[in-house]
Structure formats: C-alpha cells, structure tokens
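# Observations on chain architecture
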Amino acid sequence: MSSEPNTHDQRDDPNDHPDDLQDACDESQSSVEHRRIAESDDPKSAWRRWGPYVSGRQWGTVREDYSEDGDAWGYFPFDHAHLRAYRWGEDGLAGLCDVEGYLNVGVALWNGADDRLKERYFGLTNPQGNHGEDVKEYWWALEGTPTHSYASWLYRYPQAAYPYEALINHGRGLDEDEYELSDTGILADNRFFDVQVTHAKASPSDICIEISATNQGPDAAPLHLLPQVWFRNTWSWGLDDRRPSLALADGQQESVTLLADHHRLGRVVITPEGGAAGEPRVLFCENETNLATLYGESAVPADYTSYPKDSINRAVVHGQPDAANPHQHGTKMAFWWTFEEVAPGETVTIRLRLTEIDGRPDPSPTFDDVLTRRSAECEEFYAAVLPDDTSEEDALISRRAFAGLQWGKQLYLYDVARWLEGDPAQPPPPESRLQGRNHHWQHVKLSEVISMPDEWEYPWFATWDLAFHCVAIAHVDPWFAKWQLLLMCREWVMNPNGELAAYEWDFSDVNPPVHPWAAWQVYAIDGSRDRDFLQRVVLKMLLNFPWWVNRKDSEGSNIFEGGFLGMDNIGLFDRSDPLPDGQRLEQADATAWMGMFCLKMLRMAMELAREDSAWDEVATKFLVHFLAISEAMEDIGTKHVSLWDPQDEFFHDVLVDEHGEPHRMPAHSMVGLLPLAGVSLVPNWVAYELPDLTEFFDGWTRRRPELADALLHTNHRGYSLRTLSMVDKGQWMAIVRRMLDEGEFLSPYGLRSLSAAHRDGLEVTIEGQDLSLAYVPGESNSRMFGGNSNWRGPVWMPVNALLVDAVRTYGRSAGVGATIELPTGSGHQMPITEVADELQDRLVALFRPGPDGRRPSTPRDHPRGELWDAHPTFSEYFHGDTGAGLGASHQTGWTALVAHFICAPHGIRNR
C-alpha cells in the first residue's frame, strides 16, 4: 500500500464513482414530491404531520400487557379489542392520524352478517396458530409517497359472516399448512367487496379521504361503510385528565360536519359527502373500556360513561340505537352510510375531508382536483425515482414495495419506566413486573413514527429489520432513512452500555450489527454527500462496538458468541437458550457480523478522514480489529481449532464444552456463507491521503506477509486498489462453489438459508446428546421461536442482499475478465459482477408474473385469477424451492429490498 499518489486514471477505479448517483439525486429534485421531501427534514414538519401512522394491531403487544406472567397474547386478546381502551396506541383499517396520534381516522365495515364491525384485522395469536401468529386477512398497499401527499390501500372484505372461530387452529400440526381465510370457501366466486381507501392532501392541514367499495361477486350484497374518528385515550390513566371532544359543528343537529377539539392538536373539522339523502347518520360514544361487559356491573364506578368504546358496534350490529350517545358528542364517533344492495360490479363511494381550522387554505381546491393533482404528482415522483429502462412490471413491483414501506410507518409509543410502574388511576401492577421484561431499558421513552417490519405480525420496531428497510427507503426518502438509523442510536433508545434495542418482546436479545452496513448504503444512495450523517452514525457505533467486544467475546479471542442473531432456528439447537455451565458457542456468523462491522466502520472513517485527519486514527483502529478477527477465524485459540473446516471447506459454529474440547456444528447453512460479507474495497486515494492508516498497513504487511496475502486481494490490472476480506482466495472459491450449486444454496429465486444437500437430514451427537436438522424449504417444522419463521431452507431477502453486495464487491475488485461458474457444475463461466446481477435478478423474479400470470411469491392460499394475480405480496420469507411467500404476509419491511434491487440493478458504486 504505497504512500505515493496514484498516477492511474481515477475514472477506472470501480470504487470512485459517486458522481453518477449525485447527478441522479440532483436531477430527481425536479418533481413536486421531491421538493416537498427536501422541505420536510424534521419528524414533525408540516407535510409529515399527518400520515397512515395507525398500527395494524395494538392488542396482544408487549406495551398493552400488564399481566404478572408476561403473557401479552392472553392479557389483551382480539376479543377484547373492541371493548377495551388501549394505553399506548390505536389500531384500525387504513388508519390516518397526526404525528402524535391524538386524532385517528379509520374505516369500519359491516356486511350485515358479521357478529361485530370489521374495525381491525383478525389473526391468530402465537399459541393459536400451528405456525405461530398469523393474520387472516387480505389487503395491499397500492400507492404511497413519502410525505403522504398521496396514498391508497385495498382491502378484501367477505360478503358472508367472517369465520372467526373456524380460523382458530384446532389440532393442526407443524407438518400441516396453516388454515387460511380462502380455505374456508368464503371467498368463492369472488364474493367479496374490494374496499379502496385513498388519502390525498390538498395541503399539509387539508386532507381528502375517499372510500370506495366494489362488489366483485355474482350477486347483489349489502354493505355498511362507517369511517370512524376517535381520540387516543390519554385521560383515563391519572396523568392528564383533560378530555378532548368530538361534536357536530356549532351544535347544529341537522349538520353532519364534525368538530374535533383537542388541547394539544387544536381544532379539526371533518366534513362527509356522498350517499343517499339523510346520510350519513352519526353515532357517538367514548373511547373507554366497557367495564360492565368485561368485569361485571359491580366494576363500574357511578360516574363512568354509559357509552363505552363498543357502543357503535352495538348500535349497528346488534340493533341497539340507544347504545350510542343521544346527545351526539364524545371521544369516538362514526359516520354511517348504508347501501342495502350493491349490484355485481357496482362501486359505491363516500368521502371525508379533514381540515385543521387554523391551517385551512382559502380558497380550498375541490376534492376531485386534489385527487387528480396528487395522483399525477405520484406518477411524476416515481418516474424520477426509477431507472429509465425499468419495465412496466418491475415499476409496479417497486412502487408497491415503496407503498408498503409508507403504509408500514407507525406511531410507536412506549415509556418503559411508566409501563413497569403502572399508572396512578389504574390498579398497581404486580411487584414482579419491576424485574420483568425490559426492566434494564427504563431509559426508553419513545413517541416516534417508526418503520415497522409488518403491519400486523410485527407491529413494533426491530432494529436489524429497520436497517434493511432504510436501504430501500433511501431511494425515495433519504432524510427519513437517515433519521430512522440515527433514532435507534439516540439516548432515549440505545442502552447506556451501547447495546441497540432488539424488539419489544426482549430489547436485550441480540440482533446482527448491520447498522454500519445500512448507513453506508444509505449514504451512497443519497449521493455520498451527507458527512454530518456519516459522522453521527460512526460516533454512535463507537459506543455500540465496545458492547459487542465486552459482552459477546467472553474469551477475548476475537471470536464472537452472539446467541440468537436473528436467524431463529438455523442451528442444531436454540442459540438463544443459555448453554450448560462451562460451555460456549463460538459462532461463525457472529464473528462474520463483527468483521463486517469493522470494515464498514473502517470505510466510513476513511471517508470522514478525507476532510478531518482525526478520523485517520479511527480508521486504523478498525483496521487493526478487523485483522485480529480475520486471524482468529483461522486459529480461535481453543485447541487451535479454526471455524474454517479445511476438509469440508466451509465455516461452522464450534461448541466448546466444559472441558475446553471443541465440537464443530457441521451444517451447511447461511452461518457459513456470511463470512463472505466481510469484504470491503480500499480506494486508491487512501494511499496518499491517510498517512496514519497507510503507515500502519505497510508495517503490518511487512510483519505478517502470510496473512497479508490471505486477507488482501489486489486488482489484477495492477492498480493500488485493494480488497480487505475475511476469507482468503481459496476459501472464497470453495464457499462460492457451494453457494452457486443448485443442489445446495442456489434456488431459482435466490440463496437458501440452509443447503438443500440436507434434505435427508443431518444428525450429530455431542456430549451424548443427539442433535439433528434437515432442509425444510417451507414453514417451520420446529416450535423453536414459536415456529412462525424458518431459517432451515427458505430464501430470506436481507441476508441475500448482504451476499449479493459482497459478491459484487469481490467482482469489482477482481476486475474485468474474472469469472466464476454459474451454476456450479454447468461449465458456464460468468463475470463475477454479472453473477451478483443474476442473483439479484432471481430475487426480483420472485415477484414477476410467470407464464400463467401467477407470481412465484404469491402465497399458497391466494386464489388464482386476475383479481389476485395483479397484486404482488411481500412476505417475510420464501419457499426454498418454489418461491411461494411464507411467514408474515405483509412484511414489506425488509422484503421491500426488491425495490432497492430494481432502483440499483448493478449495485451502488461508492463502496
């Protein structure tokens, strides 16, 4: 690594091309929505003040659990959701709320047959489902812009009584498919309404809401549309007794214009239109718990409301008109339209207009003008985001993915200290709570809009999921992507010891440290110009890195243990469970994650050092640690057994027993592929711009030539460009041969999480204990982690994204002419960068229609036909052989990486 200036043309350096993205970013500012984004660089800026921030599910969450035993599902079940006021948030269909969640608007439906209003999605709890929690509804995010200036959503509502009881698992086992709504036959002959909700902002404080319902069935059917407006209950907990109000404007009973008055939010007018004469009717009640129904009349105080949360449900569904407040005021209300017969193919439409009085524009544009204008601006925005040569189908896929990310933003409220202690006006929680879940995280006090993994199954942030979300989000809203990454590192989220919060079921669980990787991706996608963001991330990661070193490297050997690390059941045993005293698991993936952590910190520090020489020493620090980790992968200090198995030519976890004896876990899994992700290019300019780093590296290569040869790859063209890698050239070729073998990891739709070579099972005996695992391409056949996700065969988008990125980095380092065989054994050689493109294209192909019009990723239970095939579904993971969607069925979070692949078909340049 010479300190002399490089005399070669910098344009030939594959690592020095930030300008193409910079120019694209600058040019994209021409769209109206891009200009709004540029003016909205604060979480509470005007255009971000209102959005689809209402949760898809609030019941059954940790936040609402005040039980002694921590059974969140049992403490607040679905059957209580329409009866009990929530403490920490709200849920609803196509929900819209302000950024603090005070005022909420959502859709309620009734088909004349259901036993309750359809106000929220139904699904099974973890104990009820034969594969864990599972939502039993069909809906899609259709459109969404980052400032929520325009958004649309589609929900499929059955015309017959919803089969709640039939869907609950009664004896189905892990070896059987989940029983889904379509399996009941209720959707046969398209007997459902397609309900579409559209939000369009005339201004930040003036929002048009259109709700239309189309009868897709062969017969006429009744439908009740009841958009509801309600305040989050902030007054029942003994902390603030100020009560907001909903009432007809000016008290005029003949008018249906609603006035919402809130001490923090201000005054909001909501005006309905549409329907027959005399409609809509209005129903009012309080957003408070029905104590009598839940706990008996003796539990109801004398001054308690007679019109609790479920009063609208009782008035409409059970024909009890007196259930609603006859004085027509409260904290929850519904506009009620009745359509007695909707003909086959007919569409009925209603509208609401929500306007903050203090911000009402004068004059206001018409409703139709707003819808037309914002729809056109949405088209203009995505035309600027997507590459010019994007096919019509790929444009649809990416736009749906981006829409899912916009609808997946949810207001997340959680004050852990308050939650543990309980509220003054409520019964005190059991003392055991103070030492229960998350009690080491009492500094967490969140009231933020956060990108959630899934609207229903995971309606709480997960830090490693979020990192992947941000890579996709950066293509449309780089400010929000950066804010989300930084939020996880702020002092009211990150633990004082430097640990990042995992997810609300256990903030202390250990997730892979992908924050630096995501931050670098976001930085590059945004044009490689926001050094303030880069500096803030690096400073926060300087706090997180020592936590890993101090807590997850128990022997000080630079081999890391981690535990769970996100890949639920990938091991031969549950890696989250404590091992017997004296045993430890030295993990190839934990060590690989830390090697990647070091390299991304090194790369970011090098970037910062170009303008501030103090960062040169930070870069040197992470280079030193990376080299130590890489060396330890070869000789871990435990009887000198390497994580690399030279006979098997693969990386494995090593279990060290109480006698210090090592035992390899000989599975071919994603664990052994992840060391490939520990790779980074060192740009030419480092040699003459960063003297401290250069001096150290030159000295190290002289002292350790054997390791330098293994860890340092040189571009064959002779440039000074170098590649730092956790694996040497021989290991790289051996691993990649397995990875690109269709009999092992390579599937038609990406890389499997477990080699298909284990179809017949793998059995190992360690310390007298028989352990086994087998390739399971679909739903899990193990109850490990509840059985709702499976890393023993399916394709997972996030780790695929890391490996695609790694292969592309190797390819750029190797240069033109370097090839590998794809697929292994085919004899077909392909340039390495094109192999990365091919892997990425296979992942996109999950969502493209096949010859029969059906997308491979379509879940098993989706009926065939145009009404279903038109909609790509973004599942949690995908069948290792067929590509069918599995797990959470609305995980547009990390699965939205498909939009990243479409927007950057050959990756990002500034690596």
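Our subject is the structure listed above.
Residues numbered from 1 in each chain as written. Predicted model: local features only at pLDDT ≥ 70, side-chain atom pairs only at ≥ 80, totals over all residues. Heavy atoms only, no water.

## Description of the overall build of the chain
Each helix and strand in the chain was counted, giving 24 helices and 35 strands. Here the chain has a C-alpha radius of gyration of 28 Å; the compact-globule value for 911 residues is 29 Å, and the two agree. In terms of principal-axis extent, the alpha carbons of the chain reach across some 90 × 65 × 55 Å. Within the span of the chain, comprising 911 residues, buried residues form 66% of the whole. Taking all contacts inside the chain whose residues are at least 6 apart in sequence as the whole, residues at least 24 apart take part in 73%. Of the roughly 31,300 Å² of accessible surface on the chain, 47% is carried by carbon and sulfur atoms. (Helix = DSSP H or I, 4+ residues; strand = E, 2+ residues; numbered from the N terminus. Rg over C-alpha atoms; globule rule 2.2 N^0.38 Å. Buried < 20%, exposed > 50% of the residue type's maximum accessible area, 1.4 Å probe, protein only. Contact = heavy atoms within 4.5 Å. Areas by Shrake-Rupley, 256 points an atom, 1.4 Å probe, with all protein chains shown as cover.)

## Thoughts on the packing of helix α13 (residues 531-551) against helix α14 (residues 588-609)
Between α13 and α14, the shortest axis-to-axis distance is 10 Å and the interhelical angle comes to 145 degrees. Crossing of α13 over α14 shows left-handed handedness. Here R531, L534, Q535, V537, V538, M541, L542, N544, F545 and W548 of α13 lie close against α14, whose contacting residues are M594, F597, C598, M601, M604, E607 and L608. Here the contact of α13 with α14 is composed, by residue class, of 13 nonpolar, 2 polar and 2 charged. (Axes fitted to C-alpha atoms, helices over the stretch in contact; angles between N-to-C directions. Left-handed = near helix turned anticlockwise from the far one by under 90°. Nonpolar A, V, L, I, M, F, W, Y, C, P; charged D, E, K, R; others polar.)

## Focus: unusual backbone geometry
Residue P280 is reached from E279 by a cis peptide bond, and omega for that bond is 5 degrees. A cis amide bond links L822 to the next residue, P823, at an omega of -10 degrees. Along the chain, the position of P823 falls in the loop between β32 (819-821) and β33 (829-831). In this structure, E649 takes a positive phi of about 55 degrees despite not being glycine. Relative to the elements of secondary structure, E649 occurs in the loop between β21 (644-645) and β22 (650-651).

## Concerning the sheet that holds strand β12 (residues 258-262)
Taken in spatial order, the 9 strands of this open sheet run β6-β7-β8-β9-β17-β13-β12-β11-β15, and their pairing is antiparallel. Where the open sheet ends on each side, the last strands, each with one partner, are β6 (139-144) and β15 (329-330). In this structure, strand β11 (residues 245-248) lies alongside β12, joined through 4 bridges in antiparallel fashion. Bridge pairing in β12 places L246 opposite A260. Across the sheet, helix α7 (residues 367-385) touches β6, β7 (150-158), β8 (192-203), β9 (206-215), β13 (266-273) and β17 (347-356), and the angle it forms with β8 is around 90 degrees. Packing against the sheet, helix α8 (residues 392-407) makes contact with β6, β7 and β8, and its axis sits at approximately 95 degrees to β6. (Pairing = 2+ DSSP bridges.)

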